[in-house]
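So the chains spell out like this:
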Amino acid sequence: WQQKFASHPAAKQLPDSLRLLAEMSDKKPANIALLLPLQGKFRQSAIAIQNGFMTAHYAAAARLGDGKPAPVVRVYDSTDIRNFTNVYRKAVADGADIVVGPLQKENVHQLVLTKGTLPIPTIALNTDDTTTEAPSNLYQFGLSPEDDAREIASHARISNFTRAAVLFQSSPWGERAAAAFTEAWQAQGGEIKIATRFESSPQSLATTIKNLLQVDQSEARNRELKRVLGKDAAFEPHRRQDIDFIYLVASPEQARLIKPLLNFYYANDLPVYSGSQIYSGEPSPAKDRDLDGIIFCDIPWMLEQPDKLKRSMLAAWPNANPRYFRLNALGADAYRLQARLHMLTHTASTGLFGATGNLNIGEHNRIQRGLT
């Protein structure tokens, strides 16, 4: 088009997005440092991320064609959080143009507290919980429960719901998701009628759900009526009617107990929403029939037909545990992000349709994910 209409004003002054695309190809990192804890309790998670990252790397290299060098990827072991600063400095000294990692929260927090800017752009594979202002070239990218909670809040609001009940597992992770949902829901004008944590034992679950739905109050009114009348009366317990849906934060095993209990206590017609934690990652109709009816969000990598990249990864690691598929996706998208960071940073309307969601750079350089 430019050759055919060389004198056209648009050919002389291209749109910023096209200019940035040209700049992006010139500014793609040639040397990438991948910092992961390759030993200890995070080893399996780190290997899953590395597998996704390298699968994306080899796929991108195959598309370059002859004569075009692929970026060099060097992997550094960041297991020892006390030695992290030295590992990071070595990656910089070795000529890295960009760092991807670390994974441990302690190291991410250390980077957040850095004064000024970091020596090179860095994509941390986790998020820091503090509100401290981070260096301008530090990007935080992780699979946080807050992303799921915000997605559910938006979806429920589009469905014209206004009154929510929150049922969440008693754990730091469950409390984070419940708090994020509450904040997002109330910001959109929604109301939290009740928020209840639960323990995992079946007896405790039954009592918690009965109280959540106020079935116990219905039964108490019946007992009082029998006492006043001095005789039995026809009675059918019923649940509270002042909630539009339940936001459930639970593992697949917990949810397989909770949904039947909700049905048993007269809430089979009450919509139930949940985040990705409710799906094990492996289709199992027999096990998951007790989850039927729950609406949940997850990353495209888990819910859509495998794309070429995922098929390549599954071919390379046919015995990969589905439990780590989401971390494979995180690694793949981390590779895609490092090549597009310049454009995503400088063009507000630009996004990346990745394996972990529709990605864009939000406030304080946190990567936001729109889920399926």
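Please refer to the structure placed before this passage.
Quantities reported herein were computed from a predicted structural model and do not represent experimental measurements.

### A closer look at the overall build of the protein
Part 1: The number of helices and strands found in the protein is 14 helices and 13 strands.
Part 2: With respect to the three principal axes, the spread of C-alpha positions in the protein is 90 × 55 × 45 Å.
Part 3: Relative to its full complement of 372 residues, the protein shows a buried share of 47%.
Part 4: Roughly 19,300 Å² of accessible area belongs to the protein as shown, and the carbon and sulfur atoms make up 51% of that amount.
Part 5: Taking the 42 positively charged and 38 negatively charged side chains of the protein as two groups, their mean positions are separated by 3 Å.

### Thoughts on the sheet that holds strand S4 (residues 122-124)
Part 1: Read from one edge of the open sheet, 5 strands run S2-S1-S3-S4-S5, paired in parallel fashion. Sheet topology places strand S2 (72-77) and strand S5 (138-140) at the edges, where each strand pairs with a single neighbour. The mean angle between the axes of side-by-side strands here comes to 20°, regardless of whether they run parallel or antiparallel.
Part 2: Note that strand S3 (residues 98-100) and S4 share 2 bridges and pair parallel.

### Focus: the side chain of threonine 208
Part 1: Mapped onto the fold, threonine 208 is located in helix H8 (residues 202-212).
Part 2: Those residues within four positions of threonine 208 in sequence are excluded, and the remaining contacts are Leu167, Thr196, Arg197 and Phe198.

### Focus: the pattern of salt bridges
Part 1: For the coordinates displayed, the defined rule picks out 16 salt bridges.
Part 2: Notably, a salt bridge pairs arginine 82 with aspartate 80, separated by 3.2 Å at the nearest N-O pair.
Part 3: Taking the shortest distance from any N to any O, the salt bridge between arginine 326 and aspartate 298 comes out at 2.7 Å. Taken together, the residues arginine 326 in helix H14 (residues 325-346) and aspartate 298 in the loop between strand S10 (295-296) and helix H12 (300-303) connect sequence positions 28 residues apart. Each member of the pair, arginine 326 as well as aspartate 298, is classed as buried.
Part 4: Shared partners join several salt bridges into a network, and the residues in it are Asp147, Asp148, Arg150 and Arg369.

### Focus on a positive patch on the surface
Part 1: Residues Lys28, Arg63, Lys68, Lys308 and Arg311 make up a contiguous surface patch of positive charge.
Part 2: Tracing the chain through its elements places arginine 311 in helix H13 (residues 308-316).

### So, the pairing of strand S7 (residues 191-198)
Part 1: One ladder, built from 7 bridges, connects strand S6 (residues 163-169) with S7; its direction is parallel. Across the sheet, the residue bridging to alanine 164 is isoleucine 192, located in S7.

### Observations regarding the nonpolar core
Part 1: Core analysis: the largest hydrophobic core is formed by 61 residues, its most contacted members being Phe53, Phe141, Phe181, Trp185, Phe245, Tyr247 and Trp301.
Part 2: The leading source of residues in this core is H14, at 10 residues.
Part 3: Each residue touching tryptophan 185, except ones within four places of it in the same chain, is listed here: Ala153, Ala156, Arg157, Phe161, Thr162, Arg163, Ala164, Gly190, Glu191, Ile192 and Phe245.

### Some details on the layout of surface pockets
Picture a little ball the size of a water molecule; that probe, rolled over the atoms, points out where space is still empty.
Part 1: Size it by volume and the largest pocket reaches roughly 1,100 Å³.
Part 2: Lining the largest pocket are 34 residues, and of these Ser45, Leu143, Pro145, Trp173 and Leu327 sit closest to its centre.
Part 3: The class makeup of the residues in the lining of the largest pocket is 14 nonpolar, 12 polar and 8 charged.
Part 4: Lining the second largest pocket are 25 residues, with Asp128, Glu146, Arg150, Glu363 and Arg366 sitting closest to its centre.
Part 5: Listed by contribution, the elements that provide at least two residues to the lining of the second largest pocket are helix H6 (145-158), helix H7 (172-187) and strand S13 (367-370).
Part 6: With 5 residues, H7 is the largest single contributor of residues to the lining of the second largest pocket.
Part 7: Looking at side-chain class alone, the lining of the second largest pocket contains 6 nonpolar, 10 polar and 9 charged residues.

### Side note on the sheet that holds S6
Part 1: The strand order across the open sheet built from 5 strands is S7-S6-S8-S9-S10, with neighbouring strands paired in parallel fashion. Strands at the two margins of the open sheet, each flanked by one partner only, are S7 and S10.
Part 2: In terms of strand pairing, S6 meets strand S8 (residues 245-249) through 5 bridges, oriented parallel. Of the residues in S8, the one forming a bridge with leucine 167 is leucine 248.

About the thresholds
- Residues numbered from 1 in each chain as written.
- Predicted model: local features only at pLDDT ≥ 70, side-chain atom pairs only at ≥ 80, totals over all residues.
- Heavy atoms only, no water.
- Helix = DSSP H or I, 4+ residues; strand = E, 2+ residues; numbered from the N terminus.
- Buried < 20%, exposed > 50% of the residue type's maximum accessible area, 1.4 Å probe, protein only.
- Areas by Shrake-Rupley, 256 points an atom, 1.4 Å probe, with all protein chains shown as cover.
- Lys, Arg positive; Asp, Glu negative; His and termini not counted.
- Charge placed at Lys NZ, Arg CZ, Asp CG, Glu CD.
- Pairing = 2+ DSSP bridges.
- Axes fitted to C-alpha atoms, helices over the stretch in contact; angles between N-to-C directions.
- Contact = heavy atoms within 4.5 Å.
- Salt bridge = Lys/Arg side-chain N within 4 Å of Asp/Glu carboxyl O.
- Patch = residues over 30% accessible without salt bridge, like charges linked within 9 Å, V, L, I, M, F, W, Y side chains within 5 Å.
- Core = buried A, V, L, I, M, F, W, Y, C linked by side-chain atoms within 4.5 Å.
- 1 Å grid on protein atoms, 1.4 Å probe; cavity = no way out; pocket = protein on both sides within 12 Å on 5 of 7 lines; lining within 4 Å.
- Points joined across faces, edges and corners; volume = space filled by probe spheres on them.
- Nonpolar A, V, L, I, M, F, W, Y, C, P; charged D, E, K, R; others polar.

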